[in-house]
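# An overview of the molecular structure
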Amino acid sequence: MIKYKIIGGYFYGTEKNKFLRRKEKHYHGYLEEYNIQSADDIQEALKDLLGGTIQSMMEAELDNHLGCEPYERTSSSNARNGTKPKTIRSKYGEMVIQVPQDRESSFEPKVVQKR
């Protein structure tokens, strides 16, 4: 069996451990990307990751609403029509996300609802 060093000990070559190694690489990437030195830095990184996740979810909702991917042609007159900024509050603080829109204004996001 192959022995791998992981923070806090050693793991041996199983599928679960391969998964843990991939996760560790992601954590190290985040530490470098966000230059995490303190708990406040972690809060800022989580806020950024949360905002990106929410935006991705809203884009997927719009794909489902329109029935097509970005840049895909359809016979429908409704299509993507840019984004608009929206400030949302979370336990990590306020963040501005870009809410996707459609031409007919019929898109009602479920993740972050309209006012």
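Structure shown above.
Here we summarise the structure given alongside this text. (Residues numbered from 1 in each chain as written. Predicted model: local features only at pLDDT ≥ 70, side-chain atom pairs only at ≥ 80, totals over all residues. Heavy atoms only, no water.)

Attention now moves to the overall build of the chain. Within the chain one finds 2 helices and 4 strands. In the chain, the succession of α and β elements from N to C terminus is β-β-α-α-β-β. Relative to its full complement of 115 residues, the chain shows a buried share of 22%. Residue pairs in contact within the chain that sit at least 24 positions apart in sequence constitute 41% of those at least 6 positions apart. Carbon together with sulfur atoms contributes 51% to the accessible area of the chain, which is approximately 8800 Å² in total. (Helix = DSSP H or I, 4+ residues; strand = E, 2+ residues; numbered from the N terminus. Buried < 20%, exposed > 50% of the residue type's maximum accessible area, 1.4 Å probe, protein only. Contact = heavy atoms within 4.5 Å. Areas by Shrake-Rupley, 256 points an atom, 1.4 Å probe, with all protein chains shown as cover.)

On to a nonpolar patch on the surface. On the surface, Y27, Y30, I42, L46 and L49 cluster together to form a nonpolar patch covering roughly 420 Å² of accessible area. Secondary structure elements with two or more residues in the nonpolar patch: α1 (15-34) and α2 (39-66). The element best represented in the nonpolar patch is α2, accounting for 3 residues. Structurally, the position occupied by Y30 is in helix α1. Since its relative accessible area comes to 32%, Y30 is described here as partly exposed. (Patch = residues over 30% accessible without salt bridge, like charges linked within 9 Å, V, L, I, M, F, W, Y side chains within 5 Å. Salt bridge = Lys/Arg side-chain N within 4 Å of Asp/Glu carboxyl O.)

With that out of the way, let us pick up the side chain of K47. Note on placement: K47 falls in helix α2. According to the relative accessible area criterion, K47 is buried, its value standing at 17%. A distance of 3.4 Å separates a polar atom in the side chain of K47 from the backbone oxygen of E94. Excluding anything up to four places from it in sequence, K47 contacts Y92, G93, E94 and M95. (Polar contact = N/O pair within 3.5 Å; in protein donor to acceptor, adjacent residues only side chain to side chain.)

Here the focus is the environment of R103. With respect to the helices and strands, R103 occurs in the segment after β4 (93-102). As a C-alpha pair, R103 and A79 span 24 residues in sequence and 5.7 Å in three-dimensional space. Sequence-distant contacts of R103, that is, excluding residues within four places in its chain, are made with S77, N78, A79, R80 and N81.

Everything listed is a geometric property; what it means functionally is a separate question.
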